[in-house]
Amino acid sequence: MAEARLTVALTFDHDAISSEVDRGEGPVLRSRGEFGPRVGAPRILDLLRRESIPSTWFVPGHTIASFPDSVEAVLADGHEIGCHGWAHEDLSALEPDAERDVMVRSVEAVTRISGTAPRGFRAPYWALSEQTLELAGDLGIRYDSSLMADDVRLHRVRRGDVHDRARSALGTPGSLVEVPISWALDDWPHFEPGGKGVGPMSAPSKVEEIWLGELRFAWDREPGGVLTLTMHPEAIGRGHRLLMLERFIAAARSLDGVAFDRLDRIVERWTVANPEPA
Ligand SMILES: [Zn+2]
């Protein structure tokens, strides 16, 4: 398959109630998470089926253990499953042994339910410790999607950076491929308030303006790029927001040479075109 002028990757973090359990939240916030597997995910899968769009879902081990039918439905429709911690831990706050344990159990859970070793990893909360990505590589992960140094260009994660007050000495690219992300292209900070409903809750029209701006810029100015959206079934699965996602898909389809794909396939093609230096 020739590389598209722009590839759009729709990605879904299937958190369900993992982060609420990790933070010890009560019934109300747990119920917001439950909306993901119960209502949001089936609606999203229906939309993706109608549009014949393959996608990537980053799934915590807790979601696999708690809502296996929901994860099986994602797999049955041909979508990719990647790792997203066990109970949506803030990996930057864990001791090294505890972090390794979470990463190992997460890889095992995804491998067990999907029947293949996961290729991709996205850090819960996009929170990384200094060793997380090295650990991910050691566990066979081929790409990460948690960093913001670029927007539509895949690249290899550097190793050996040293950052101190005198200067930042940048290391050299390693094996792990990065699929860059940003909060602007994430539904959560736009839409979902914190506890007790306090915080921003944008109209979909605002988010649509931002996402379409990124889409049109990437298509026009960055040919060959990959635009990655991060969404959560419990957030984007609400009716007024899902209608916006439908309009976004239609807008992307109206541009020449736009393709939708799973991240593992995008990364695989990129890796063939950009082999690791010997
Ligand atoms: Zn998450």
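Please refer to the structure higher up on the page.
Now for a description of the structure that goes with this document. (Residues numbered from 1 in each chain as written. Predicted model: local features only at pLDDT ≥ 70, side-chain atom pairs only at ≥ 80, totals over all residues. Heavy atoms only, no water.)

## Focus: the pairing of strand β9 (residues 172-178)
- One ladder, built from two bridges, connects strand β5 (residues 143-144) with β9; its direction is parallel. Counted as the bridge partner of D144 is E178 from β9. (Pairing = 2+ DSSP bridges. Helix = DSSP H or I, 4+ residues; strand = E, 2+ residues; numbered from the N terminus.)

## Considerations on the coordination of the zinc ion
- Every protein donor of the zinc ion is listed here as D15 (OD), D15 (OD), H84 (NE2) and H88 (NE2), and their distances to the metal cover 2.1 to 2.4 Å.
- Between the four donor atoms coordinating the zinc ion, the angles at the centre fall across 54 to 139 degrees, so the site counts as irregular.
- The sequence pattern formed by the donor residues of the zinc ion is D-x68-H-x3-H. Linking D15 in the loop between β1 (6-13) and α1 (18-23) with H84 in the loop between β3 (80-83) and α5 (96-114), this pair joins segments that are 69 residues apart in sequence. (Donors = N, O, S within 2.8 Å, 3.2 Å for Na, K, Ca; no water. Tetrahedral: all angles 85-135°; square planar, octahedral: opposite > 155°, others 65-115°.)

## Details of the pairing of strand β10 (residues 225-231)
- When you tally the buried positions in β10, you get seven out of seven residues, the bulk of the element.
- Here β10 shows two buried faces, one formed by G225, L227, L229 and M231 and the other by V226, T228 and T230.
- Inspection of the sheet shows β1 paired to β10 by seven bridges, in the parallel sense. Within the sheet, the bridge partner assigned to F12 lies in β10 and is M231. (Buried < 20%, exposed > 50% of the residue type's maximum accessible area, 1.4 Å probe, protein only.)

## Quick word on the pattern of salt bridges
- For the coordinates displayed, the defined rule picks out 19 salt bridges.
- One salt bridge in this structure joins D261 and R269, with 3.0 Å as the shortest N-O distance.
- D261 sits in the buried class, given a relative accessible area of 5%.
- Salt bridges sharing partners connect three or more residues here, namely D46, R49, R50, D77 and E246. (Salt bridge = Lys/Arg side-chain N within 4 Å of Asp/Glu carboxyl O.)

## As for unusual backbone geometry
- Positive phi values are uncommon outside glycine, yet Y125 reaches one of about 60 degrees.
- Within the element layout of this structure, Y125 appears in the loop between β4 (120-121) and α6 (132-138).
- Taking relative accessible area as the criterion, Y125 reaches 36% and is therefore assigned partly exposed.
- Located in the positive-phi region is W126, a residue other than glycine, with phi close to 50 degrees.

## Some points on the packing of aromatic side chains
- Counting across every chain of the model gives four aromatic pairs.
- Summarising the aromatic geometry, the rings of W211 and F248 are spaced 6.1 Å apart at their centres and angled 85 degrees between planes, so their arrangement reads as edge-to-face. Taken together, the positions of W211 in helix α8 (residues 204-221) and F248 in helix α10 (residues 239-253) put the pair 37 residues apart, joining distant regions of the chain. Grouping residues by exposure puts W211 and F248 together as buried.
- Over the face of the ring belonging to W219 we find R5, whose NZ or CZ atom lies 4.9 Å from the ring centre.
- Its end group placed over the ring of F35, R238 keeps NZ or CZ at 3.7 Å from the ring centre. (Phe/Tyr/Trp six-rings, centres within 6.5 Å; stacked < 30°, edge-to-face > 60°. Lys NZ or Arg CZ within 6 Å of the ring centre and 35° of its normal.)

## Here we look at the nonpolar core
- One finds L10, W57, F121, W211, L215 and I236 to be the most contacted residues of the largest nonpolar core, which totals 56 residues.
- Sort the elements by how many residues they give to this core and α10 lands first, with seven residues.
- In this structure, W57 is in contact with F12, H14, A41, I44, L45, L48, V74, H79, E80, I81, G82 and P233, ignoring residues within four places of it in sequence.
- Ranked by size, the runner-up nonpolar core spans eleven residues in total, among them L154, V179, V226 and L263. (Core = buried A, V, L, I, M, F, W, Y, C linked by side-chain atoms within 4.5 Å. Contact = heavy atoms within 4.5 Å.)

## Looking at the environment of E25
- Take E25: it is sitting in the loop between α1 and α2 (27-51).
- Distance from E25 to A250, taken between C-alpha atoms, is 37 Å for residues 225 residues apart in sequence.
- Setting aside anything within four residues of it in sequence, one finds E25 in contact with E20 and R30.

## Digging into empty space enclosed by the protein
- One pass over the structure, following the stated rule, counts one cavity of 30 Å³ or more.
- In this model, the largest cavity occupies a volume close to 30 Å³.
- Taken together, D151, V152, E214, F217, A218 and E222 make up the full set of residues lining the largest cavity.
- Classifying every residue of the lining of the largest cavity gives three nonpolar, no polar and three charged. (1 Å grid on protein atoms, 1.4 Å probe; cavity = no way out; pocket = protein on both sides within 12 Å on 5 of 7 lines; lining within 4 Å. Points joined across faces, edges and corners; volume = space filled by probe spheres on them. Nonpolar A, V, L, I, M, F, W, Y, C, P; charged D, E, K, R; others polar.)

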